[in-house]
Amino acid sequence: MASIAQSVCYRKHGSQDASCEDMRSGRYMLIFGAMEILFSQLQDMHRVWWLSIVATLMSFSYSFILLTLSATKASEHGHSHGTAFGVAVGPHDVLGDVSPYQKTLGVLQAIGNMSYSFLFTSVLIEIQDTLKCSPPENKTMKKAISVGVLYTTIFYMALGGIGYAAYGSKTPGNLLQALGSYHHVFWLVDLANLFIIIQIMGAYQVNAQPIFGFVEDHAVKYFRRRRIINEEQPSHVVLFQTKFTVDHLTIFRIVWRTAFVILTTFISMALPFFNAILGLLGAMAYWPLTIYFPVNMHMRQSKVRPWSAKWIGLQLFVGVFLLVSCSGIAGSIQGILQAVKGHQAFRI
């Protein structure tokens, strides 16, 4: 949102206008939070299936734009394409003096960022629960995961490689930020940013709905006699002259979901460090959700004998990736601590 506003400012006042550089993201986080409060009142995962499709289409669209613009930049003559080992230790024209310690932390934070791409595992069971019984859910899910991971890997590897080829060691955390310098195709960059906004709106709900459902199911279980938990309120929303009915709306649901969105918005405004926060979240969730639980479920289902060759191999696999996850957490925490220095929170 801030990038689009900055683009509009440059076109209105010129690229040399200093006021366009300070586009405070706080106000846009508040707008995003307000929209998510409305979307959060959707009942459950069954009702947000269309959001998932829209988010996927938006993701492919902006990734293709990024890929095209990065490839165009990389093909230009007379600029550095980076090196196989990334940012070199020593003096750097953008980053200053890079010490071995900073280089190591950068690598560890990158591990956390890569771990974030596996967070889809946290909603797999919820998604499978929305599938029809025929064909079998596990077969449909296996096919969907295989196709999804294949395409995601292709896009991530292509964007990472071509993006680095385009900007080398100067590659920013947000690639579209650098591509914004293409003033002759500003509309394309703005369109990609718009696609990202729509995609993140959908992704927020896909990830938040299981949390909403978990808390509300437990609230009904333990406080079933409380009217605030169970008494449904008839509600209708009119949008674009169309009347929508919101089912199973209770006071608890309104208050709890609104409070959750407010809390996440508050945290985002307090710590608006995109790469470091993504790395921390990814590294924290990667090992338990992507490695530990699936491996242990497989061992129980397959009845793997303790101390057999397969059992030892799986335990080593789990242990190695625990170290990888801890490394990503350490690097991301250090990245956050460095970013906090001189940072003013809640700038609107």
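Let us look at the structure shown here.

Analysis parameters
Residues numbered from 1 in each chain as written. Predicted model: local features only at pLDDT ≥ 70, side-chain atom pairs only at ≥ 80, totals over all residues. Heavy atoms only, no water. Helix = DSSP H or I, 4+ residues; strand = E, 2+ residues; numbered from the N terminus. Buried < 20%, exposed > 50% of the residue type's maximum accessible area, 1.4 Å probe, protein only. Contact = heavy atoms within 4.5 Å. Areas by Shrake-Rupley, 256 points an atom, 1.4 Å probe, with all protein chains shown as cover. Salt bridge = Lys/Arg side-chain N within 4 Å of Asp/Glu carboxyl O. Axes fitted to C-alpha atoms, helices over the stretch in contact; angles between N-to-C directions. Left-handed = near helix turned anticlockwise from the far one by under 90°. Nonpolar A, V, L, I, M, F, W, Y, C, P; charged D, E, K, R; others polar. Phe/Tyr/Trp six-rings, centres within 6.5 Å; stacked < 30°, edge-to-face > 60°. Expected span 1.5 Å × (residues − 1). Polar contact = N/O pair within 3.5 Å; in protein donor to acceptor, adjacent residues only side chain to side chain. Core = buried A, V, L, I, M, F, W, Y, C linked by side-chain atoms within 4.5 Å. Parallel < 35°, antiparallel > 145°, perpendicular 65-115°, else oblique.

**Brief notes about the overall build of the protein**
Working step 1: Looking only at helices and strands, the protein features 12 helices and two strands.
Working step 2: Across the 348 residues in the protein, those meeting the buried criterion constitute 32%.
Working step 3: Partitioning the intrachain contacts of the protein with sequence separation of at least 6 by distance along the chain shows that 71% fall at a separation of at least 24.
Working step 4: For the protein, the accessible surface area stands at approximately 21800 Å², while carbon and sulfur atoms represent 67% of it.

**Quick notes on the pattern of salt bridges**
Working step 1: Counted by the stated rule, this structure contains two salt bridges.
Working step 2: For R11, the salt bridge identified is with D190, shortest N-O distance 3.1 Å. Remark: D190 occurs in helix 8 (residues 186-222) and R11 occurs in helix 1 (residues 2-13); sequence separation between them is 179 residues.
Working step 3: Residue classification places R11 among the partly exposed residues on the basis of a relative accessible area of 41%.
Working step 4: Across the salt bridge formed by E216 and R257, the nearest N and O atoms sit 2.6 Å from each other.

**Here we look at the packing of helix 3 (residues 49-74) against helix 8**
Working step 1: Between helix 3 and helix 8, whose axes approach to 8 Å, the crossing angle comes to 145°. Judged by the sense of rotation from one axis to the other, the crossing of helix 3 with helix 8 is left-handed. Contacts from L51, S52, V54, A55, M58, S59, S61, Y62, I65 and L69 in helix 3 reach L188, V189, A192, F195, I196, I198, Q199, G202, A203, Q205 and V206 in helix 8.
Working step 2: A breakdown of the residues in the contact of helix 3 with helix 8 according to their chemical character gives 15 nonpolar, six polar and no charged.

**Some points on the packing of aromatic side chains**
Working step 1: Applying the stated rule across the entire model yields 12 aromatic pairs.
Working step 2: An aromatic cluster is present here, built from F118, Y286, F317 and F321 joined pairwise through their rings.

**Focus on the environment of H298**
Working step 1: If you trace the backbone, H298 turns up in helix 11 (residues 274-302).
Working step 2: Residues H298 and L314, 16 residues apart in the sequence, show an inter-C-alpha distance of 9.9 Å.
Working step 3: When residues no more than four places from it in sequence are discounted, the contact partners of H298 are K310 and L314.

**With respect to helix 12 (residues 309-340)**
Residue pairs three or four apart in sequence face the same way in an α-helix, which turns once every 3.6 residues.
Working step 1: Taking 1.5 Å per residue as the helical rise, helix 12 with its 32 residues ought to reach 46 Å, and the 47 Å between its terminal C-alpha atoms agrees with that figure.
Working step 2: Along helix 12, the residues classified as buried are W311, L314, V318, S325, G328, G331, S332, G335 and I336.
Working step 3: Structurally, helix 12 contributes buried residues whose contacts are with helix 4 (100-115) and helix 11.
Working step 4: Looking one or two residues beyond helix 12, the residue adopting positive phi is G342, at roughly 75°.

**Brief notes about the side chain of S63**
Working step 1: Inspection of the secondary structure assignment puts S63 in helix 3.
Working step 2: We classify S63 as buried; its relative accessible area is 8%.
Working step 3: The residues touching S63, leaving out its near neighbours within four places in the chain, are F155 and L159.

**Some remarks on the side chain of Q199**
Working step 1: Tracing the sequence through the fold places Q199 in helix 8.
Working step 2: Side-chain polar atoms of Q199 contact the side chain of Y62, separated by 3.4 Å.
Working step 3: Leaving out residues up to four positions away in the same chain, Q199 has contacts with A55, M58, S59 and Y62.

**Quick notes on the environment of L124**
Working step 1: Position of L124 relative to the elements: it lies in helix 5 (residues 124-129).
Working step 2: Separated by 17 residues in the primary sequence, L124 and M141 have C-alpha atoms spaced 8.3 Å apart.
Working step 3: In this structure, L124 is in contact with M141 and I145, ignoring residues within four places of it in sequence.

**Some words on the nonpolar core**
Side chains that are nonpolar tend, in soluble globular proteins, to be buried together.
Working step 1: Within the largest apolar cluster, 19 residues are counted, with the highest numbers of intra-cluster contacts made by I65, L66, L69, Y167, L176 and L179.
Working step 2: Of all the secondary-structure elements, those providing two or more residues to this core are helix 3, helix 6 (137-167), helix 7 (175-179) and helix 8.
Working step 3: Residue contributions to this core peak at seven residues, all from helix 3.

**Concerning the packing of helix 1 against helix 8**
Working step 1: Close contact between helix 1 and helix 8 brings their axes to 9 Å; oriented N to C, the two are set at 160°. By the angle between their axes, helix 1 is roughly antiparallel relative to helix 8. In terms of crossing hand, the pair formed by helix 1 and helix 8 is left-handed. For the pair formed by helix 1 and helix 8, the contact residues are S3, I4, S7 and R11 on the first element and F186, D190, N193, L194 and I197 on the second.
Working step 2: A per-class count over the contact of helix 1 with helix 8 returns four nonpolar, three polar and two charged.

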